[in-house]
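Fold and geometry: a report
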Amino acid sequence: DNSVVSLKEIAYLIPGLSKSPLIQKNVNETIEIDGRIKGRVNNFTSQDLIIKVSDKIKFEGKLRVRNIVKPEEALIVIEVDKLNSSINNLTEVIPNFKPPTNFYKLGQVDFSGRFEGFIYNFVAYVQLGTALGAVKTDMQLDLTRGRDSAKYSGDIDLIEFDLAKWSDNPEFNKVSFSSSVKDGSGLTLNNAKAVLDAKIQQFSFRGHNYEDVFISGKLEKNQFDGEFHIDDPFVAMDFDGSFI
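Keep in mind that what you see is a predicted model, and the values were worked out from it rather than measured.

Tallying each qualifying case throughout the model produces five aromatic pairs. On the basis of an interplanar angle of 50° and a centroid distance of 5.8 Å, the ring pair of Phe172 and Phe203 is categorised as tilted. With a gap of 31 residues between them, Phe172 in strand β10 (residues 172-185) and Phe203 in strand β11 (residues 193-205) connect regions that are remote in the sequence. Using a relative accessible area of 22% as the deciding quantity, one classes Phe172 as partly exposed. Aromatic ring contacts, followed pair by pair, group Phe103, Phe161 and Trp166 into a single cluster.

Okay, structure coming up:
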């Protein structure tokens, strides 16, 4: 109940943990903990758990961890009722976490969902509230080879997402869409590849709001090869081919 734990003291008492990159990166942090925890340091479960890392992260939910002293091998199952943080704070806490630069524009992040797997290879169902809009995902992501060679698949929904700020292109505005991604690789525009099916409910470009846009095909770097359909008062088009 309302416990305060110093990671420096834990690392001193449990020498094996002092070698963990996660502990080394946060050794000067103090963690506030409230909830029920059962097991050993390297293999434990928890319920009704609240964890606060200074003012950087606040977590509420359930947690199961195995082999945490070796982060590259650690198996983690997290059920998140609520998590509040920011990309800046996450990069300060998580070792080797270096997302693309535009991720920092998300600002304060309110997170809920489920995470299961390893730090760099996991399955996640996520609901995010950000400064740019809402995001829902149900996907698998493999970062073991770095973000340029990342592998991913699953579903992604954007709700009222500010594409102009995300892309630094003022000709866009907000976008809402539902999409399914298969055989995805790469997380930047220069190397992204994926099989994509999407329905765009709302998409603003150069001051006009387009609705009911359907896309199906393959995206590779800046080239799309597939089908595109739109039936809008401003433009009606059926396209089958490729464009850059």
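In this section: the pattern of salt bridges. According to the stated counting rule, one finds eight salt bridges in the structure shown. A salt bridge links Glu29 to Lys56; the nearest nitrogen and oxygen atoms lie 2.7 Å apart. Within this pair, whereas Glu29 is found in the loop between α2 (21-25) and β2 (30-40), its partner Lys56 is found in the loop between β3 (43-53) and β4 (57-66), the two being separated by 27 residues in sequence. Exposure remark for Glu29: the relative accessible area of 14% places this residue in the buried category. A salt bridge links Glu220 to Lys193; the shortest N-O distance between them is 3.7 Å. A residue pair is termed long-range when its members are at least 10 positions apart, and Glu220 in strand β12 (residues 208-220) and Lys193 in strand β11 qualify at 27 residues. What you see here is one network of salt bridges that share partners, running through Glu29, Lys56 and Glu92.

Right, let's get into the nonpolar core. Generally speaking, soluble globular proteins have nonpolar side chains that are buried together. One finds Leu63, Ile76, Ile78, Phe161, Val175 and Val213 to be the most contacted residues of the largest nonpolar core, which totals 47 residues. Not counting residues up to four positions away in its chain, the partners in contact with Ile76 are Leu63, Arg64, Val65, Phe115, Glu116, Gly117 and Ile119.

Note: strand β8 (residues 134-142) against strand β9 (residues 151-162), nine bridges, orientation antiparallel. Looking across to β9, one finds that Asp138 is bridged to Asp155. As judged from the nine bridges shared by β9 and β10, these two strands associate in the antiparallel manner. Bridge pairing in β10 places Asp157 opposite Ser178.

Reading guide: rules and limits
- Residues numbered from 1 in each chain as written.
- Predicted model: local features only at pLDDT ≥ 70, side-chain atom pairs only at ≥ 80, totals over all residues.
- Heavy atoms only, no water.
- Phe/Tyr/Trp six-rings, centres within 6.5 Å; stacked < 30°, edge-to-face > 60°.
- Helix = DSSP H or I, 4+ residues; strand = E, 2+ residues; numbered from the N terminus.
- Buried < 20%, exposed > 50% of the residue type's maximum accessible area, 1.4 Å probe, protein only.
- Salt bridge = Lys/Arg side-chain N within 4 Å of Asp/Glu carboxyl O.
- Core = buried A, V, L, I, M, F, W, Y, C linked by side-chain atoms within 4.5 Å.
- Contact = heavy atoms within 4.5 Å.
- Pairing = 2+ DSSP bridges.

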